[in-house]
Amino acid sequence: MRIVGLTGGMGMGKSTVAAMLARAGLPVFDADATVRSLQAENGAALPAIACLVPSAVHNGHLDRAVLRQAVVTQPGLLRQLERIMHPMVWAARNRFLAHYRQIGTPWVVLDVPLLFEAGGNRLCDYVMVVSAPPWVQAARVAKRRNVPVAEARKLIARQMPDARKRLLADIVIETGVPLAQTQRQVRTLLRVLKA
């Protein structure tokens, strides 16, 4: 079994590309969905998060707005949260890989925003970075998070720069273009994988 790593900063269109790959029949491990599950009502990560930011967890529920604000105002907090979440996500990823390896699937996709930062790229045979111009990214993040563009840029600045990810990629999928162009890029990638 071979592994495609799919990554990109927030607001880059990674979920759209992951959905295209899933529709093409590739099993996709969604790290963001795994995080949401771990942080859902009474999720496995909530006790540890509550130790770091007590005001963010109430009666088994995570207040994402409180946690997001804490991350923005406390520079070291993001790293502490990653030390909680990464091992839990890695365990889920390993179960995903074991399952598809056992049934003989030729290609799988690891959709992981922090693929390079967490070292997950070392597991991959091929790494794809989804990218868009900075103004497109900031506008998407601001809209999705319902925050001002200035706050969106602060959140983006905490991640590995897009230029660095592009340099580390085997292929870059552009999403700041019409959707049909992104779809053509993905189809080209799929032809390469099948070859």
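Residues numbered from 1 in each chain as written. Predicted model: local features only at pLDDT ≥ 70, side-chain atom pairs only at ≥ 80, totals over all residues. Heavy atoms only, no water.

A. Representation of the environment of Asn 94 in the model. Inspection of the secondary structure puts Asn 94 in helix H5 (residues 77-102). Measuring from C-alpha to C-alpha, the distance between Asn 94 and Phe 29 comes to 9.9 Å, with 65 residues separating the pair along the chain. Of the polar contacts made by the side chain of Asn 94, one reaches the side chain of Arg 93; its length is 3.1 Å. (Helix = DSSP H or I, 4+ residues; strand = E, 2+ residues; numbered from the N terminus. Polar contact = N/O pair within 3.5 Å; in protein donor to acceptor, adjacent residues only side chain to side chain.)

B. Representation of the packing of aromatic side chains in the model. Taken as a whole, this structure holds two aromatic pairs when the rule is applied. Judged by centre distance (5.6 Å) and plane angle (50°), the ring pair of Phe 29 and Phe 96 falls under tilted. Of this pair, Phe 29 sits in strand S2 (residues 28-30) while Phe 96 sits in helix H5, placing them 67 residues apart in sequence. The class for Phe 29 is buried, based on a relative accessible area of 6%. Relative to Tyr 100, the ring of Phe 96 has its centre 4.9 Å away and its plane inclined at 55°; by these criteria the two rings are tilted. Of this pair, Phe 96 and Tyr 100 both sit in helix H5, four residues apart, roughly one helical turn. Its relative accessible area of 12% is what places Phe 96 among the buried residues. (Phe/Tyr/Trp six-rings, centres within 6.5 Å; stacked < 30°, edge-to-face > 60°. Buried < 20%, exposed > 50% of the residue type's maximum accessible area, 1.4 Å probe, protein only.)

C. Spotlight on the side chain of Asp 111. Looking at the secondary structure, you find Asp 111 in strand S5 (residues 107-111). Asp 111 sits in the buried class, given a relative accessible area of 2%. Beyond its immediate chain neighbours, meaning those up to four positions away, Asp 111 contacts Leu 6, Lys 14, Ala 18, Val 28, Phe 29, Asp 30 and Ala 31. (Contact = heavy atoms within 4.5 Å.)

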